Amino acid sequence: MFEAGGTPRAALTLQLGSYAGFVGAHWWNLQDAALRCESEVHEQECKVCPDVLYRAGRTLSGQETYTPRLILMDLKGSLNSLKQEGYLYGDMKIDTSVAWQGNLMTHQEEPPAKNLFLQDLSKLEGGMSSDGDFSPRALPLSKDVSQLPTQLHVSQKGHQLEGSVRVWSDYLRVRLHPRSIFMIHQYNDDGESSQLEAFGQGESLLHDPTYLEELEDRLHFYVEECDYLQGFQILCDLNNGFSGVGAKVTELLHDEYSGRGILTWGLTPVIDNVGVSWKDFYRLMNTVLGIVHLSSHSSLFCPLSLNGSLGLKPEAPVTLPYVHYDASLNFHSSAILATAMDTFSVPYRLHSSQFSMVQLADAFNSSGRKVVAAGAAVPFPISYGQSLPDALCSYQLAVPWTPLSSCGEQKDSCCFAQSVVLRGIGKENHISNLPPGSQPKSALHVCETGEEVLGSYLHARCPGTFSTSYLLQGPCKVLAPYPQFFSALLNKQGFLLDKLPSCTTAVESIPVLTALQSSPTLHSALYSLYKELHRVDVRRWASFFSAGHHWNLQVQFSLFLLNPPNEGNKSTMRTSVSQ
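This is a predicted model, so every value here is computed, not measured. (Residues numbered from 1 in each chain as written. Predicted model: local features only at pLDDT ≥ 70, side-chain atom pairs only at ≥ 80, totals over all residues. Heavy atoms only, no water.)

Visitor: Mind laying out the overall build of the chain, listing which residues take part and the relevant values?
Guide: The helix and strand inventory of the chain stands at 15 helices and 15 strands. Considering the chain as a whole, with its 579 residues, one finds that 58% of them fall into the buried category. The contacts in the chain between residues at least 6 apart in sequence include a share of 81% that link residues at least 24 apart. Accessible area of the chain: about 25,000 Å², with a carbon and sulfur share of 51%. (Helix = DSSP H or I, 4+ residues; strand = E, 2+ residues; numbered from the N terminus. Buried < 20%, exposed > 50% of the residue type's maximum accessible area, 1.4 Å probe, protein only. Contact = heavy atoms within 4.5 Å. Areas by Shrake-Rupley, 256 points an atom, 1.4 Å probe, with all protein chains shown as cover.)

Visitor: Pulling in residues and values, what's your account of the nonpolar core?
Guide: One finds W168, W265, L267, L304, L404 and F486 to be the most contacted residues of the largest nonpolar core, which totals 82 residues. Broken down by element, the residue count for this core peaks at nine residues, all from helix 1 (residues 18-36). Leave out the neighbours within four places in its chain, and L304 touches W265, G266, L267, T268, L337, M341, F344, A374 and L404. The next biggest cluster of nonpolar side chains, apart from the first, holds 56 residues, and it includes M73, L238, A525 and F544. (Core = buried A, V, L, I, M, F, W, Y, C linked by side-chain atoms within 4.5 Å.)

Visitor: With reference to specific residues and values, describe helix 7 (residues 278-297).
Guide: Residue pairs three or four apart in sequence face the same way in an α-helix, which turns once every 3.6 residues. The end-to-end C-alpha distance of helix 7 is 29 Å, a good match for the 28 Å that 20 residues give at a rise of 1.5 Å each. Helix 7 sits mainly inside the fold: 17 of its 20 residues count as buried. (Expected span 1.5 Å × (residues − 1).)

Visitor: Tell me about the environment of K499, and please be specific about residues and values.
Guide: Summarising the element assignment, K499 is placed in the loop between strand 13 (476-477) and strand 14 (509-510). Since its relative accessible area comes to 65%, K499 is described here as exposed. In the structure, K499 is positioned 11 residues away from A488 in sequence and 9.1 Å away in space, judged by C-alpha atoms.

Visitor: Describe the sheet that holds strand 5 (residues 181-188), naming the residues involved and giving the relevant values.
Guide: Strand order across the open sheet formed by six strands is 5-4-1-6-7-8, with parallel pairing between neighbours. Every other strand in the sheet has two partners, leaving strand 5 and strand 8 (300-304) as the edge strands with one partner each. Averaged over all pairs of adjacent strands, the angle between their axes in this sheet comes to 15°, without regard to strand direction. With five bridges connecting them, strand 7 (residues 261-267) and strand 8 associate as parallel partners. For L263, the partnering residue across the bridge sits in strand 8 and is L300. Here helix 5 (residues 209-224) sits on the sheet in contact with strand 1 (10-16), strand 4 (70-76), strand 5 and strand 6 (229-237), set at roughly 165° to strand 5. Against the sheet, helix 6 (residues 242-256) touches strand 1, strand 4, strand 5, strand 6 and strand 7, its axis set at about 165° to strand 6. (Pairing = 2+ DSSP bridges. Axes fitted to C-alpha atoms, helices over the stretch in contact; angles between N-to-C directions.)

Visitor: So what about the confidence of the model for the chain? Which residues, and what values?
Guide: For the chain, the mean per-residue pLDDT works out to 83, and 79% of the residues sit at or above 70. Note on residues 148-156: pLDDT under 50 across the span, and 25 contacts to partners over four residues away in sequence or across chains. In this model residues 562-579 is a low-confidence stretch, pLDDT under 50, and it forms 26 contacts with partners more than four residues away in sequence or in other chains. (pLDDT = per-residue confidence, 0-100.)

Visitor: Can you lay out the pattern of salt bridges for me, pointing to particular residues and giving the numbers?
Guide: Inspection of the entire model under this criterion finds 11 salt bridges. With a shortest N-O distance of 3.0 Å, R423 and D342 are connected by a salt bridge. Here R423, found in strand 11 (residues 417-423), pairs with D342, found in helix 8 (residues 330-344); they are 81 residues apart in sequence, far enough to count as distant. The salt bridge involving E508 is made with K492; its shortest N-O contact spans 4.0 Å. (Salt bridge = Lys/Arg side-chain N within 4 Å of Asp/Glu carboxyl O.)

Visitor: Mind laying out the pairing of strand 3 (residues 64-68), listing which residues take part and the relevant values?
Guide: On a regular strand, each side chain points to the face opposite its neighbour's, so the side chains alternate between the two faces of the sheet. Most of strand 3 is tucked away, with four of its five residues classed as buried. Pairing analysis gives five bridges linking strand 2 (residues 54-58) to strand 3, with the strands arranged antiparallel. Each residue of the ladder has a partner; that of Y54, found in strand 3, is P68. Where strand 2 folds back on strand 3, the antiparallel hairpin that results is connected by five residues, among which G62 adopts a positive phi of roughly 90°.

Visitor: Outline unusual backbone geometry, listing residues and values.
Guide: In this structure, P379 follows V378 across a cis peptide bond, with omega equal to -5°. Among the secondary structure elements, P379 is positioned in the loop between strand 9 (373-377) and helix 10 (388-393). Cis geometry marks the peptide bond from A480 to P481; its omega dihedral reads 15°. Its place among the elements puts P481 in the loop between strand 13 and strand 14. Unlike most non-glycine residues, S406 shows phi in positive territory, near 55°. Mapping S406 onto the fold places it in the loop between strand 10 (402-403) and strand 11. In this model, N433 sits at a positive phi of 55°, which is unusual for a non-glycine residue.

Visitor: Outline helix 11 (residues 450-461), supporting the account with residue identities and numerical values.
Guide: Between its first and last C-alpha, helix 11 extends 17 Å over 12 residues, near the 16 Å set by a 1.5 Å rise per residue. Burial in helix 11 covers these residues: G450, V453, L454, Y457, L458 and R461. Projected onto a plane normal to the axis of helix 11, the buried residues spread over an arc of 125° and lie on a single side. Helix 11 presents H459 and A460 as exposed residues on the side facing more than 90 degrees away from its buried surface. If you follow the buried residues of helix 11, they end up packed against helix 10, strand 11, strand 12 (466-472) and strand 15 (512-518). (Arc of directions from axis to C-beta.)

Visitor: Could you give an account of the sheet that holds strand 10, naming the residues involved and the relevant values?
Guide: Strand order in the open sheet formed by five strands is 10-9-15-11-12, and the pairing between neighbours is mixed. The open sheet has two edge strands, strand 10 and strand 12, and neither has a second partner. Relative to strand 15, strand 9 runs antiparallel, the two sharing five bridges. The residue of strand 15 that forms the bridge with A377 is L513. Sheet strands in contact with helix 8 are strand 9, strand 11 and strand 15, and its direction is about 75° off that of strand 15. Relative to the sheet, helix 11 contacts strand 11, strand 12 and strand 15, its axis offset from that of strand 12 by approximately 150°.

Visitor: For the state of the cysteines, give the residues involved together with the corresponding values.
Guide: One pass over the full model with this rule turns up zero disulfides. No disulfide involves C302; its sulfur sits 8.3 Å from the nearest other cysteine sulfur, which is in C407. The buried category is assigned to C302, whose relative accessible area is 2%. Looking at C393, it has no disulfide partner, and the nearest cysteine sulfur is the one in C447, 9.4 Å off. (Disulfide = S-S within 2.5 Å.)

Here it is in structure tokens:
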């Protein structure tokens, strides 16, 4: 545990894959927005510590920087206008002088065009150089919040990026360190050829000493500068060959950094259900192998997706009552997952925290499982001025969040352990403030603090469950380029209105409720994947295994599902974690 004002426990983030890049770009934009609005948080309130995820440094010219502690792996073609070495350390141009004395002809490729958002961002942060590249002069990227530009968050400029976003770098607002971007040039990000499409291909990449040594060098660079490293948070594509990359990365971290937390988020974009093809079989096998290996080497593993299920024919994507997202756009679906992750991760990012990554994982591991399910209310539906007890009581027995782990709706309140975070509710609305002599509507209405309200609600809804809960006043800031896909019934702060307004305004912040749970619904979802895999004749897919993986998928997954929780041991698990 670290106290306010003490040394923060640093975390290193690894993003593995294209969709992980989409989620990660929104994730870092959310961190950037929170950093720019940090002065709005009350001094006495629990604050998220940015030093957990960010590192201070200096450019070659001595200018202070504050950049993500990040290693990002993706394929050739995913950067678009973003340079692999970033922009902070100048152009770093290679000397192209040659000894040839004859005539020379130079062929120069036009740089990729930037969308309007990136153009405006470049103008705000220092301008453009003569060759169209970003110039880092006067770049206000230090840890001092007062130096950060505020124009973009004071005026939510109406950038409609839905038609111009092809890759995650098209909307990344944050500047990265030159050691962050790790490109895999062996495969292509788009097109039909040279795809990283099989688990074994991903595994084989890190059998190559060139890639392995490069990854280890970057890990050492970030880890060795940390006073105390609490662990690693990994965003990894499950549906493609990056599941194999993630398996080797988590194995490396598990072996080399024993005792550090490894929290892995297995990400899957929304899948079109338009018939079954060989790509769907590859996706199923990548997903199964990814879940088995990533969970094996992680302290805690959580699948994240808006799909209703992850099988050969995924169920329809989930709906969010006050978000009208386009499921076909990774730009939209990844924003929702990043928002949920930003709140899931609060427990190990607070200035004064009860849990480190390892302690958070241990709270779930005591129930016998390292795989957890996620749920979120994005935004948490609460009217302007409504009290927290009134908002929670409106749910009665219903689950107040939408499932985000492709496990289906939770049929009962049973779970073995859970971590719940609610943010964005002002202190004045934490309790009911009943007039003297009034009859309380419920037990929640007699609670004396907001923390007591949330804890009592969780205890009543999930009796006997080991629960940890956090209540923060600060909302989630959803500034440009976050998509404006919210209902017109939300005001600027994300609170519900009684009726449609005469004119709509951009939503700049939202309250969010999230839950991580060790739940029986996980076993049902994983077992349904096993049954689908059991019906597949894997001998038909020799090309998948020829990519380098030789284990029997059915054997692996059946071992993974051994000793599933049943009616006979549910009560035992519940009792053991509530002591």
